[in-house]
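So you can see what is in the structure, the chains are spelled out below.
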Protein chains: 2
Amino acid sequence: MTRTVEVSDLVDRARDGQPRAVARLISLVEDASPHLREVAEILAPLTGRARVIGLTGPPGVGKSTSTSVLVAAYRKQGKRVGVLAVDPSSPFSGGALLGDRVRMQDHATDPGVFIRSMATRGHLGGLSWATPQALRVLDAAGFDIVLVETVGVGQSEVEVVSLADTTLVLLAPGMGDGIQAAKAGILEVADVFVVNKADRDGADATARDLKYMISLGRRDREGPSWRPPIVKTVAAKGQGVDEVVAAVDGHHAWMAEHGELERRRAHRAASEIEAIAVARVRSGFGDPRGGAALEQLAKRVVIGELDPYAAADHLIEGLQS
Amino acid sequence: MTRTVEVSDLVDRARDGQPRAVARLISLVEDASPHLREVAEILAPLTGRARVIGLTGPPGVGKSTSTSVLVAAYRKQGKRVGVLAVDPSSPFSGGALLGDRVRMQDHATDPGVFIRSMATRGHLGGLSWATPQALRVLDAAGFDIVLVETVGVGQSEVEVVSLADTTLVLLAPGMGDGIQAAKAGILEVADVFVVNKADRDGADATARDLKYMISLGRRDREGPSWRPPIVKTVAAKGQGVDEVVAAVDGHHAWMAEHGELERRRAHRAASEIEAIAVARVRSGFGDPRGGAALEQLAKRVVIGELDPYAAADHLIEGLQS
């Protein structure tokens, strides 16, 4: 039995909806196993079908709950749904494990739903490397919808979530002034704004502030401009969820019409390729050939013998020799 | 008049304490000007003297105020103090500008203090690239203390702040359970914990929780282990600031004794060199020689003709040809 047959078999079983096969495939791509290349090659022609929805926002806005009700809504449509919960937390907290345990318990026994927490730990090249790989597995395994939910609002989360076809940015009333949200760098990645906890005081004011900020903000994206709608929800009560689904559909149709979907997916692929290439180049930096090892160069920079640009020259020369 | 003379002159004036010369040098390194290499070369032998203190924590803990009172404390010791306010906010909000305006007004007219906001915008390679460059300028310009303050708690801020000699992590009572803080990935980078707003209810509980979490957390750093002290402050009233300064001094002495200072500075230099080298390699990825341009490869990946690993191979081959 060759390896290729094993991997093909895993892919077949994943496409049949066996969660353990999906999990195994994700592990193969996450851990940069020797079979990684083989898996990638087999998956390639099977990808491009899933609709990828990113979901981000400050802590406390109800991202997990919103993800959970969205999963339910898409399941009602008969769609298979994958969830990647991106959690750049530290090994200190064991965040990913915690995430797997506490979130999404409603869907734990549904074979049409697959949930995976993506944490930083152990990932060569970080989340920007690992998340698209896992996404690719879910896509090839036949999931119709992949929700990429982020835990925080840092730059890396924004990068990850902006790889989605459609990005939902969640806010909630009384989360401080709009500037705080803007600071997080999430406003300009939003395709749809969701004001969750809309039964609380201040929901209208939050929506109004958002509307104002949208009118101010020039959208830096190329091509025809999409004006993000603002949807109010009470995710905990399932209110407004159909409207979110409709807004996502609307955005999808708009993208398809304007060639934006292809553009975004090409962008996603480019980021993925670049991350792989950078990780590979970087792994060569520690190589001690020719005295160009990074560690030695760093010591020379510390004592002021070399400036960091000259050191970078040596490093790159070392790679190419 | 050669360029080298001009840059030398700038450096001389920066070392004389002329803020405009410092600002000009930082702009030269930030904008990757043609003089960048020259500046770096002239600065190199002048660096290695500044003590670098990182300051991070969740929004609302009083980072700006704490930075401001720390600046005052070090000024009282007659030290020249530089502040780099790292703000990975979006161009949307104009965060850096805002930062420059609202923070640190107390020190605006003190020639012994230099304040600079570092935002993502326009930085080749991002904050992890630009911040060490600016730090290097302040170091060479003779600032005794450089405070690197971050605005958010994302991964990039953690990366930036962990380049410091000593990292202060600020928390405040009633900021939610410890898990939230741990999630931010900031606990394991702390050399000193500061519980600010310690006149509020819950300060003792926060300190106790921290103590417990420290006792649980294995410190992944190599070498002998430093146990981060917990200092309570009320920065707005200047309370506890001397204790913070003493804790930083204690950590510095401990590092010097255990060879940790050299190790950290070598690590900082290595990160800096690597960021420069990666940015340079990455800039070659768009190069259309040999049909290996990233964009073309991305399109082939989108249609499933190529897997991203094979595409990365082509990209790297293209670089070396």
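All values reported here derive from a predicted model rather than from experimental measurement. (Residues numbered from 1 in each chain as written. Chains lettered and ligands numbered in written order. Predicted model: local features only at pLDDT ≥ 70, side-chain atom pairs only at ≥ 80, totals over all residues. Heavy atoms only, no water.)

Asks: Can you lay out the overall build of chain A for me, pointing to particular residues and giving the numbers?
Replies: Of regular secondary structure, chain A possesses 13 helices and seven strands. Among the 321 residues that make up chain A, the fraction classed as buried is 57%. With the model as given, the accessible surface of chain A reaches about 13,500 Å², and the carbon-plus-sulfur share is 51%. (Helix = DSSP H or I, 4+ residues; strand = E, 2+ residues; numbered from the N terminus. Buried < 20%, exposed > 50% of the residue type's maximum accessible area, 1.4 Å probe, protein only. Areas by Shrake-Rupley, 256 points an atom, 1.4 Å probe, with all protein chains shown as cover.)

Asks: Can you lay out the confidence of the model for chain A for me, pointing to particular residues and giving the numbers?
Replies: Residues and elements named next belong to chain A. Summarising the model, chain A shows a mean pLDDT of 80, and 76% of its residues fall at 70 or more. When the elements of chain A are averaged for pLDDT, helix H5 (residues 95-102) gives the smallest value, 39, and helix H10 (residues 241-258) the largest, 97. Here residues 90-103 is a poorly scored stretch, pLDDT under 50, and it has 32 contacts once near neighbours within four places are set aside; other chains count. (pLDDT = per-residue confidence, 0-100. Contact = heavy atoms within 4.5 Å.)

Asks: How would you explain the pairing of strand S4 (residues 145-150) of chain A if you had to name every residue and give the values?
Replies: All names here are of chain A. Of all six residues making up S4, six are buried, and the element is well covered by its neighbours. On S4, burial covers both faces: Ile145, Leu147 and Glu149 on one face and Val146, Val148 and Thr150 on the other are all buried. Sheet topology places strand S1 (residues 51-56) next to S4; five bridges connect them, and they run parallel. Note that in S4 the partner of Val52 across the bridge is Val146. (Pairing = 2+ DSSP bridges.)

Asks: So what's going on with the pattern of salt bridges? Which residues, and what values?
Replies: For the structure shown, the criterion picks out 26 salt bridges over all chains. Of the charged contacts in the structure, one is a salt bridge between A:Arg300 and A:Glu305, with a shortest N-O distance of 2.7 Å. For A:Arg300, a relative accessible area of 33% corresponds to the partly exposed category. Residues B:Arg75 and B:Asp110 are paired through a salt bridge, measuring 2.7 Å at the closest nitrogen-oxygen approach. Of this pair, B:Arg75 sits in helix H4 (residues 63-76) while B:Asp110 sits in the loop between helix H5 (95-102) and strand S3 (113-119), and the two are 35 residues apart along the sequence. Three or more residues joined by partner-sharing salt bridges are found here, namely A:Asp191, A:Glu260, A:Arg263 and A:Arg264. (Salt bridge = Lys/Arg side-chain N within 4 Å of Asp/Glu carboxyl O.)

Asks: Quick rundown of the pairing of strand S1 (residues 51-56) of chain B? Include the residues and the values.
Replies: Each regular strand shows side chains that alternate between the opposite faces of the sheet. Residues and elements named next belong to chain B. Of all six residues in S1, six are buried; the element is thus mostly enclosed. Neither face of S1 is left uncovered, since the one carrying Arg51, Ile53 and Leu55 and the one carrying Val52, Gly54 and Thr56 both have all their residues buried. The pairing of S1 with strand S5 (residues 166-171) spans four bridges and is classified as parallel. Each bridged residue has a counterpart across the sheet, and for Gly54 the counterpart in S5 is Thr167.

Asks: So, helix H10 (residues 241-258) of chain B: which residues are in play, and what are the values?
Replies: Residues and elements named next belong to chain B. Between its terminal C-alpha atoms H10 stretches 26 Å, which fits the 26 Å expected from 18 residues at 1.5 Å a residue. Looking only at H10, the buried set comprises Val241, Val244, Val245, Ala247, Val248, His251, His252, Trp254 and Met255. Lining the buried residues of H10 we find S1, H4, S5, strand S6 (192-195), strand S7 (230-232) and helix H11 (260-283). Phi for Gly259, located one or two positions after H10, is positive at around 70°. (Expected span 1.5 Å × (residues − 1).)

Asks: For the side chain of A:Glu272, give the residues involved together with the corresponding values.
Replies: Note on placement: A:Glu272 falls in helix H11 (residues 260-283). One polar contact links A:Glu272 to A:Gln133, side chain to side chain, over a distance of 3.5 Å. If we skip the residues at most four places from it in the chain, A:Glu272 touches A:Pro132, A:Gln133, A:Arg136 and B:Pro308. (Polar contact = N/O pair within 3.5 Å; in protein donor to acceptor, adjacent residues only side chain to side chain.)

Asks: Please provide a residue-by-residue account of the environment of A:Asp204, values included.
Replies: Residue and element names in this part refer to chain A. Here Asp204 is to be found in helix H9 (residues 203-216). Here Asp204 falls in the partly exposed class, since its relative accessible area comes to 49%. When the C-alpha atoms of Asp204 and Lys232 are compared, they prove to be 9.0 Å apart, with 28 residues separating the residues in sequence. Polar contacts involving the side chain of Asp204 include one to the side chain of Lys232, which spans 2.5 Å.

Asks: So what's going on with the environment of B:Tyr74? Which residues, and what values?
Replies: All names here are of chain B. Within the secondary structure, Tyr74 is located in helix H4. With 71 residues separating them along the chain, Tyr74 and Ile145 place their C-alpha atoms 7.8 Å apart. Excluding anything up to four places from it in sequence, Tyr74 contacts Ile53, Lys79, Val81, Ile145, Val245 and Val248.

Asks: Any details on the packing of aromatic side chains? Residues and values, ideally.
Replies: Evaluation of the coordinates by the stated rule reveals four aromatic pairs over all chains. Ring geometry for B:Phe114 and B:Phe143: centres 6.4 Å apart, planes at 50°, overall tilted. Here B:Phe114 is found in strand S3, whereas its partner B:Phe143 is found in the loop between helix H6 (127-140) and strand S4 (145-150), with 29 residues between them in sequence. For the pair B:Phe114 and B:Phe143, one class covers both residues: buried. Across the ring face of A:Phe143, the terminal group of A:Arg80 is positioned such that the distance to the ring centre comes to 4.2 Å. (Phe/Tyr/Trp six-rings, centres within 6.5 Å; stacked < 30°, edge-to-face > 60°. Lys NZ or Arg CZ within 6 Å of the ring centre and 35° of its normal.)

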